[in-house]
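Survey of secondary and tertiary structure
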Amino acid sequence: MLFLVHMIVNIPASLPADEAARVKAEEKEYSQKLQREGKWPHIWRVVGEYANYSVFEARDNDELHTMLSNLPLFPYMQIKVTPLARHPSSIH
Ligand SMILES: O=C(O)C[C@H]1C=CC(=O)O1
């Protein structure tokens, strides 16, 4: 199943800079692992925002929830998930 995921990141100013840098480095590593595994086939920056639109490939809602809730930045994110179905006009 494919899911469109919108993530908005809000790191509080109270988080020490070195801790924020550590969490972002862990996030990058985890994100790239899921991308290499084919679980996170698209990630696009929203221009001018600390936000992204991503496409995830997951077996079901539970697998997607596990992937999202394991994101190191998860405590600092607002996430909106849109399940995707095949478009009847798609040629792919
Ligand atoms: O930068 C972001 O959009 C947040 C997050 C998602 C992947 C990643 O490396 O960071």
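Once a new chain begins, its residue numbering starts again from 1 and follows that chain's sequence as written. Only residues with pLDDT of at least 70 are given local features in this predicted model, and only at 80 or more are side-chain atom pairs given and counted; all residues enter the totals for whole chains, interfaces and linings.

You'll find the chain entered in an unreviewed UniProt entry as Muconolactone Delta-isomerase, with Orrella marina given as the organism. UniProt positions are given in the numbering used here, feature names are shortened, and annotations may be inferred rather than shown by experiment. Quoted straight from UniProt, the Sequence similarities (unreviewed entry) entry for the chain says "Belongs to the muconolactone Delta-isomerase family." We quote the UniProt Catalytic activity (unreviewed entry) comment for the chain here in full: "(S)-muconolactone = (4,5-dihydro-5-oxofuran-2-yl)-acetate".

The next subject is the overall build of the chain. A count of helices and strands for the chain gives 2 helices and 4 strands. Along its sequence from the N terminus, the chain presents helices and strands in the succession β-α-β-β-α-β. As a rule, residues whose C-beta atom has 12 or fewer other C-beta atoms within 10 Å are exposed, those with 20 or more are buried, and those in between are partly exposed; C-beta atoms are placed from the backbone. The burial tally for the chain puts 8% of its 92 residues in the buried class. Here, residues touch in the contact sense if the C-beta positions derived from the backbone fall within 7 Å of one another. Considering only contacts in the chain between residues 6 or more positions apart, those separated by 24 or more positions represent 63%. Under the scheme used here, helices are H or I runs from DSSP no shorter than 4 residues and strands are E runs no shorter than 2 residues, and both carry numbers assigned from the N terminus.

What follows is about the site of the ligand. Around the ligand, the surrounding shell consists of Met7, Val9, Glu27, Lys28, Ser31, Ile43, Asn52 and Leu73. Breaking the shell around the ligand down by element, the ones donating at least two residues are strand S1 (2-9) and helix H1 (17-36). A per-element tally of the shell around the ligand places H1 first, with 3 residues. Taken together, the residues of the shell around the ligand sort by class into 4 nonpolar, 2 polar and 2 charged. As used in this record, a residue near a molecule or strand is one whose C-beta atom, placed from the backbone, is within 6 Å of it. Any residue that is not Ala, Val, Leu, Ile, Met, Phe, Trp, Tyr, Cys, Pro, Asp, Glu, Lys or Arg is counted as polar, Gly included; the first ten are nonpolar and the last four charged.

Core membership is restricted to buried Ala, Val, Leu, Ile, Met, Phe, Trp, Tyr and Cys residues, and these are joined into a nonpolar core through C-beta atoms within 7 Å. Judged by nonpolar contacts, Val5, Met7, Trp40, Phe56, Ala58, Leu64 and Met67 together constitute the single largest core of 7 residues. Counting residues per element, the ones that place at least two in this core are S1 and helix H2 (61-69). Setting aside residues no more than four positions away along its own chain, Met7 makes contact with Ala51, Asn52, Ser54, Met77 and Ile79.

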